[in-house]
Amino acid sequence: MKKLLKAVLCFALLADQAWAWPSHNDKQAPHAAPPAMDTSVVEGTPPPTLPENPVVPESDDDRQQAVEQTADEEDQINIIEENKIVIEDLPAEGTIAWKKPDYSDQENALGWSPDAFKMPKDLEHRVRLWIDLYGKYSSRHAVFHDAKNWSIVYSVLDMTDAADIKEMQARIRKEKERILKILAFISKNLKTADKFEGETLEYYQKFANHNEPNKFKEAAKRSRVIMHAGQREIFYKGLYNSGRYIRQMEEIFASYGLPKELTRLPFVESMFNPFAYSRSRAAGQWQFIPSTWTHMKHKMGEKWEFYKMKGSPAIERRNDPEPSTHAAAVYLKFLYEIPGIGNWPFALTSYNQGPGTVLYLSKQLGRTKEISDIVNRGKARRFRHDGRNYYAQFLAALNVEAEADKYFGHNLRIAAPIEYENVEIPKPISFSGLAEFFKSEKIPGEDLARLYNPYLSRRIVQGRIGIPAGETLRVPKGTRDRFLTAFPVLASIQPKEVIQEEGVHVIRRGENLGLIANEWGVKIADIMDANNLSSKSVRRLRPGQKLVIPMPGKTREAQNIKAGKKKSQRFVKPKGRAA
């Protein structure tokens with residue numbers, strides 16, 4: 001039973017689409033700090049006549065939904081504290097003035113029209129709230145709203161003065177309980193609604209235009225009150241770093257006859273972070289999972305071979321902005337042309353959920369072609385929070401980027417495009433040798449080497465293995481000949497000593513089990529088993545903690561001792577099972 005539970009927990013982690021990024025720091029890029037955050041909030045005090053323990057009967061489905069929602073909220077809290085979504089601060093080689101995107105003159109683009117990405121009326125409130133989350137509220141603001149009626153926002157909790165994550169968790173729990181008490185009080189006292197006052201009256205009036213049966217009883221269920229953390233500074237960093245890649249992305253998508261608007265999808269997927277890696281093993285700016293990436297081999301043909309996109313322990317092409325953008329264009333075009341899809345709202349939702357789910361929901365609702373139908377009325381086990389909000393987030397990102405000067409201030413500057421040359425190395429070279437070539441007075445060579453070559457694995461960056469001969473590297477435009485001239489000396493530089501002890505991983509800021517498992521080439525389930533982790537304890541992992549990594553040929557008992565822990569029967573190698 002314990003093994004079965006571990007397997008289920010592992011599957012849940014792999015299915016979770018919440019993101020966590022590689023190591024980064026919390027400081028804003030020094031080149032263009034965003035304006036001060038809007039800290040205005042809506043916080044009231046509960047009415048004095050509220051019952052202490054309101055009871056609202058819920059079905060098994062409601063309770064399960066509430067459990068799932070609590071897990072989502074815990075992830076949101078972690079995002080607030082750890083800034084796991086924040087793109088790491090890459091070095092700034094230069095900036096350019098931000099320009100409003102131009103989507104005109106695309107009459108020949110597949111499925112494009114002036115109204116192709118128009119905001120559907122029935123999704124307007126959902127999109128508007130995401131616009132606020134991206135452009136108005138920082139990651140220290142928690143927005144509470146109704147899960148069904150996104151026009152109903154109960155409060156915005158300002159936690160900029162919170163001392164630590166425990167205090168934030170306590171405040172969020174307290175605020176949700178306060179909202180639930182108010183709604184339960186309204187549900188039980190509708191006959192005296194004319195006597196409501198203060199925040200009770202305000203909440204009552206929020207539902208005036210909603211005719212749902214037993215609307216206050218339903219609204220008072222725990223699963224109906226949900227919370228989102230703001231992402232204003234996160235979106236700002238994504239906007240800044242998009243400058244490095246967006247021009248090339250637009251050119252690539254135009255070569256496939258696709259609308260330029262689609263190049264803004266990385267705002268939703270990764271905030272233009274080439275190092276992005278999720279618990280479901282999705283990687284890069286376009287967040288391809290391994291199975292979809294492999295599927296692209298049959299779609300890309302010669303381009304797949306040109307970029308050597310098969311992947312290896314040394315190279316991860318999903319983190320390479322250029323070939324992964326080609327792959328994304330091919331995949332999006334493939335999704336659009338599937339019979340029954342045929343529009344970009346459906347194709348984009350399929351990118352996140354898979355075309356099977358979208359086709360099932362469309363058929364369920366009379367083969368509808370309206371995205372608002374499947375978002376608001378579609379029912380499928382896999383179609384949960386991420387899927388329902390995916391297209392709304394995309395539209396919100398388009399809006400916030402188009403009005404970036406409104407949200408982030410005038411005279412806005414973004415990173416300059418990366419201009420590079422390709423060079424094939426004749427023999428192996430260490431990352432230290434490559435970094436030596438990139439070294440400058442202002443920016444560490446390691447940072448620039450990673451910026452130009454984000455597809456190099458952590459094993460290479462950490463000096464565990466070298467960059468293999470025949471691999472293509474990228475160097476700044478105009479420096480190819482100088483690099484080849486210096487190559488013999490660079491190739492002789494030995495890698496820096498690896499600090500990390502084999503078999504033990506010290507958690508770095510922004511890491512999660514998916515990222516750690518990918519780095520060491522092991523399964524998430526094995527790490528959980530070796531460290532006796534549950535889904536709850538996984539969420540509590542913090543930077544600086546040590547994890548035992550199950551390595552071939554070593555018992556978990558030996559690894560546990562190596563990590564400095566006392567002997568425990570929990571780490572004894574199971575009979576008949578490899579460690």
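Residues numbered from 1 in each chain as written. Predicted model: local features only at pLDDT ≥ 70, side-chain atom pairs only at ≥ 80, totals over all residues. Heavy atoms only, no water.

1. Re the overall build of the protein chain
A count of helical and extended segments in the protein chain gives 26 helices and 11 strands. When the accessible surface of the protein chain is totalled, it reaches about 27,200 Å², and 51% of it is carbon and sulfur. (Helix = DSSP H or I, 4+ residues; strand = E, 2+ residues; numbered from the N terminus. Areas by Shrake-Rupley, 256 points an atom, 1.4 Å probe, with all protein chains shown as cover.)

2. Side note on the packing of helix H14 (residues 344-353) against helix H15 (residues 355-364)
Between H14 and H15, whose axes approach to 7 Å, the crossing angle comes to 125 degrees. Accordingly, the angle class assigned to the pair H14 and H15 is oblique. Note on element contacts: H15 touches H14 through Pro355, Thr357, Val358 and Ser362, opposite Phe346, Thr349, Ser350 and Gln353. Among the residues forming the contact of H14 with H15, the class breakdown is three nonpolar, five polar and no charged. (Axes fitted to C-alpha atoms, helices over the stretch in contact; angles between N-to-C directions. Parallel < 35°, antiparallel > 145°, perpendicular 65-115°, else oblique. Contact = heavy atoms within 4.5 Å. Nonpolar A, V, L, I, M, F, W, Y, C, P; charged D, E, K, R; others polar.)

3. Overview of the environment of Gly521
Mapped onto the fold, Gly521 is located in the loop between helix H23 (513-520) and helix H24 (524-530). Looking at Gly521, the relative accessible area reads 57%, which means it is exposed. Placed 28 residues apart in sequence, Gly521 and Ile549 show a C-alpha to C-alpha distance of 9.8 Å. (Buried < 20%, exposed > 50% of the residue type's maximum accessible area, 1.4 Å probe, protein only.)

4. Comments concerning unusual backbone geometry
Despite not being glycine, Asn214 has its phi angle at roughly 50 degrees, a positive value. Note that Asn214 resides in the loop between helix H5 (198-206) and helix H6 (215-219). The backbone phi angle of Phe272 is positive, close to 60 degrees, even though this residue is not glycine. Its location among the elements puts Phe272 in the loop between helix H9 (266-269) and strand E6 (277-278).

5. Thoughts on the sheet that holds strand E5 (residues 225-229)
Ordered in space as E4-E3-E5, the three strands form an open sheet in which the pairing is antiparallel. Two strands lie at the open edges of the sheet, namely strand E4 (153-158) and E5, each paired on one side alone. Within the sheet, the average angular offset between the axes of one strand and its neighbour, ignoring direction, is 20 degrees. The pairing of strand E3 (residues 141-146) with E5 spans five bridges and is classified as antiparallel. The residue bridging Phe144 from the neighbouring strand is Met227, located in E5. Where helix H4 (residues 165-188) meets the sheet, its contacts fall on E3, E4 and E5, and the angle it forms with E4 comes to roughly 155 degrees. (Pairing = 2+ DSSP bridges.)

6. What about the packing of aromatic side chains?
Across all of its chains, the model carries 26 aromatic pairs by this definition. Taking the centre distance of 6.2 Å and the plane angle of 20 degrees together, the rings of Tyr331 and Phe334 count as stacked. Of this pair, Tyr331 and Phe334 both sit in helix H13 (residues 321-336), three residues apart, roughly one helical turn. For Tyr331, a relative accessible area of 9% translates into the label buried. Using a relative accessible area of 28% as the deciding quantity, one classes Phe334 as partly exposed. Connected via pairs of aromatic rings, a cluster forms that spans Trp130, Tyr134, Trp150, Phe235, Tyr236, Phe267, Phe272 and Phe408. (Phe/Tyr/Trp six-rings, centres within 6.5 Å; stacked < 30°, edge-to-face > 60°.)

7. Quick notes on the nonpolar core
If you look at the biggest cluster of nonpolar residues, it comprises 105 residues, and the most contacted ones within it are Phe117, Tyr351, Leu473 and Phe483. No other element matches the nine residues that helix H17 (residues 385-402) contributes to this core. Setting aside residues no more than four positions away along its own chain, Tyr351 makes contact with Leu265, Glu269, Trp286, Phe288, Ala328, Tyr331, Leu332, Leu335 and Tyr390. If you look at the next biggest cluster of nonpolar residues, it comprises 26 residues, including Ala142, Ile165, Ile182 and Ile186. (Core = buried A, V, L, I, M, F, W, Y, C linked by side-chain atoms within 4.5 Å.)

8. Quick look at the pattern of salt bridges
Under the criterion given, the structure shown has 22 salt bridges. One salt bridge in this structure joins Lys406 and Glu403, with 3.6 Å as the shortest N-O distance. Judged by relative accessible area, which is 57%, Lys406 ranks as exposed. Taking the relative accessible area as the measure of exposure, Glu403 reaches 27% and is therefore partly exposed. Through salt bridges with shared partners, a single network forms among Arg317, Asp320, Glu322, Glu471 and Arg474. (Salt bridge = Lys/Arg side-chain N within 4 Å of Asp/Glu carboxyl O.)

9. Quick notes on the side chain of Asn343
Residue position: Asn343 is located in the loop between H13 and H14. You can call Asn343 buried: its relative accessible area is 15%. A polar contact is formed between the side chain of Asn343 and the backbone nitrogen of Phe346, at a distance of 2.7 Å. If sequence neighbours within four positions are ignored, Asn343 has contacts with Tyr336 and Lys369. (Polar contact = N/O pair within 3.5 Å; in protein donor to acceptor, adjacent residues only side chain to side chain.)

10. Some remarks on H4
The end-to-end C-alpha separation of H4 is 35 Å, in line with the 34 Å expected for 24 residues at 1.5 Å each. For H4, the capping residue at the N-terminal end is Asp164, with a side-chain oxygen 3.2 Å from the backbone nitrogen of Lys166. (Expected span 1.5 Å × (residues − 1).)

11. Some words on H14
The buried count for H14 comes to nine of 10 residues, which makes it a mostly enclosed element. Its side-chain oxygen 2.7 Å from the backbone nitrogen of Phe346, Asn343 forms the N-cap of H14. A positive phi of about 95 degrees marks Gly354, the residue just after H14.

12. Focus: the side chain of Asp146
Mapped onto the elements of the fold, Asp146 is located in strand E3. What makes Asp146 buried here is its relative accessible area of 0%. Asp146 has contacts with Ile152, Tyr154, Ala219 and Arg224, leaving out every residue within four places of it along the chain.

13. Brief notes about the confidence of the model for the protein chain
The pLDDT averaged across the protein chain works out to 80; a share of 77% of its residues lies at or above 70. For the protein chain, the element scoring lowest by mean pLDDT is strand E1 (residues 19-20), at 30; helix H8 (residues 246-255) scores highest, at 97. For the stretch residues 553-579, pLDDT sits under 50, and the model shows 49 contacts to residues farther than four places along the chain or on other chains. (pLDDT = per-residue confidence, 0-100.)

14. With respect to the packing of helix H19 (residues 431-438) against helix H22 (residues 480-491)
A packed helix pair is summarised by two numbers, namely the angle formed by the two axes and the spacing between the axes. Axis separation between H19 and H22 bottoms out at 10 Å; the angle between their running directions is 135 degrees. If you check the angle between H19 and H22, you find them oblique. Seen along the crossing, H19 lies across H22 with a hand that is right-handed. On the side of H19, the interface is formed by Gly433, Leu434, Glu436 and Phe437, while H22 contributes Arg482, Phe483 and Leu490. (Left-handed = near helix turned anticlockwise from the far one by under 90°.)

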